[in-house]
Amino acid sequence: MDFAFTDEQKSRIQSAEQFAGLTLQHTVGFSRERWKQAAMQGLTALPVSETLSGSGCSVLDTALVFEALGRKSNDSGFVFSLGAHLFAGVIPVMLGGNEAQQNYWLPRIAAGSCLVANAMTESSGGSDAFSMRTTAVKNGTDYLINGTKQFCTNAPEADVFVVYALTDPAKGFFG
C-alpha cells in the first residue's frame, strides 16, 4: 500500500500552508474579509461536493488541510472557527439535511456568504452530547425546540445555527 501523498494532496497542503502563513496572522476579533478570502481558497466548504459549489475533499484531504492550517497559522481562533463551521455545522447539514436544505445552504456556505454556528453546549452537561437535555418535538412538518444552549461557537458572526437536540429522549443521544 502506498502512503505517499498524491500530487493533488501535496498541492492542497502547500496552498493551505501558504494561505495560513500569509493571511492567518493573529488579529483581534473576527474578520468577514478574511472569511471571504478563506472561501475563495475553498476552505469554507472543503467536504462539500463540487456539485454544490464545494471543494469535494475527502475526510483525509480535509484533515490534511486542517493540519497545514494549524501548522502555519498564527491565528488559532480563526482555524478553530473554521473547524467548528465545517465539522459541527456543515457536516451535519450534508449528512442530515434534506435535499432542499442542502441545495439552499451548502452553495451559500461554500461561497463564504454564510457562516455556520453550532449550538450544542448546555449548562447541565457542557458539550457532552450524551448529557443533552434540549428536545425537538415534531409539530406538523416542523419541529419545536425546547431547551437552552450556551457558548455557541461562531454565534456572534453566524448567519445560520445548527442546533443539536433530542427527538426521542428515550433513545438518548441516538434519538
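A brief structural summary. If you're wondering where the values come from, they're calculated on a predicted model, not measured in any experiment. (Residues numbered from 1 in each chain as written. Predicted model: local features only at pLDDT ≥ 70, side-chain atom pairs only at ≥ 80, totals over all residues. Heavy atoms only, no water.)

## So, the overall build of the protein chain
- Per the secondary structure count, the protein chain includes five helices and four strands.
- Helices and strands appear in the protein chain in the N-to-C order α-α-α-α-α-β-β-β-β.
- For a compact globule of 175 residues, the expected C-alpha radius of gyration is about 16 Å, and the protein chain comes in at 17 Å, within 12% of that figure.
- Expressed along its principal axes, the backbone C-alpha trace of the protein chain runs to roughly 50 × 40 × 30 Å.
- Residue burial in the protein chain is summarised as follows: out of 175 residues, 41% are buried.
- The contacts of the protein chain with a sequence gap of at least 6 include a subset with a gap of at least 24, amounting to 66%.
- Accessible surface for the protein chain amounts to roughly 10,000 Å². Of this, 55% is attributable to carbon and sulfur atoms.
- Averaging the coordinates of the 12 positive side-chain charges in the protein chain and doing the same for the 16 negative ones gives two points 4 Å apart. (Helix = DSSP H or I, 4+ residues; strand = E, 2+ residues; numbered from the N terminus. Rg over C-alpha atoms; globule rule 2.2 N^0.38 Å. Buried < 20%, exposed > 50% of the residue type's maximum accessible area, 1.4 Å probe, protein only. Contact = heavy atoms within 4.5 Å. Areas by Shrake-Rupley, 256 points an atom, 1.4 Å probe, with all protein chains shown as cover. Lys, Arg positive; Asp, Glu negative; His and termini not counted. Charge placed at Lys NZ, Arg CZ, Asp CG, Glu CD.)

## Quick word on the packing of helix 1 (residues 7-23) against helix 3 (residues 59-72)
- In contact at an axis separation of 8 Å, helix 1 and helix 3 are set at 30 degrees when each is read in the N-to-C sense. By the angle between their directions, the pair helix 1 and helix 3 is classed as roughly parallel. Where helix 1 crosses over helix 3, the handedness of that crossing is right-handed. Of helix 3, the residues touching helix 1 (which contributes Gln9, Arg12, Ile13, Ala16, Glu17, Phe19, Ala20 and Gly21) are Leu60, Asp61, Leu64, Val65, Ala68, Leu69, Arg71 and Lys72.
- When grouped by side-chain class, the residues that make up the contact of helix 1 with helix 3 number nine nonpolar, two polar and five charged. (Axes fitted to C-alpha atoms, helices over the stretch in contact; angles between N-to-C directions. Parallel < 35°, antiparallel > 145°, perpendicular 65-115°, else oblique. Left-handed = near helix turned anticlockwise from the far one by under 90°. Nonpolar A, V, L, I, M, F, W, Y, C, P; charged D, E, K, R; others polar.)

## As for the pairing of strand 3 (residues 142-146)
- Summarising the sheet, strand 2 (residues 135-139) and strand 3 pair through five bridges and their orientation is antiparallel. Within strand 3, the position partnered with Val137 by the bridge is Leu144. (Pairing = 2+ DSSP bridges.)

## Considerations on a nonpolar patch on the surface
- On the surface, Ile145, Phe161 and Val163 cluster together to form a nonpolar patch covering roughly 240 Å² of accessible area.
- Given a relative accessible area of 44%, Ile145 falls into the partly exposed group. (Patch = residues over 30% accessible without salt bridge, like charges linked within 9 Å, V, L, I, M, F, W, Y side chains within 5 Å. Salt bridge = Lys/Arg side-chain N within 4 Å of Asp/Glu carboxyl O.)

## Section: the packing of aromatic side chains
- Scanning all chains against the criterion turns up five aromatic pairs.
- A centroid spacing of 4.8 Å and a plane angle of 85 degrees characterise the contact between Tyr104 and Trp105, whose relative ring orientation is edge-to-face.
- Relative accessible area serves as the criterion here: at 41%, Tyr104 is assigned to the partly exposed category.
- A connected cluster of aromatic rings, assembled from ring pairs, spans Phe30, Trp35 and Phe78.
- In this arrangement the basic side chain of Arg34 is found over the ring face of Phe78, its NZ or CZ atom lying 5.0 Å from the centre.
- Positioned above the aromatic ring of Tyr104 is the side chain of Arg108, whose terminal nitrogen or guanidinium carbon lies 3.7 Å from the ring centre. (Phe/Tyr/Trp six-rings, centres within 6.5 Å; stacked < 30°, edge-to-face > 60°. Lys NZ or Arg CZ within 6 Å of the ring centre and 35° of its normal.)

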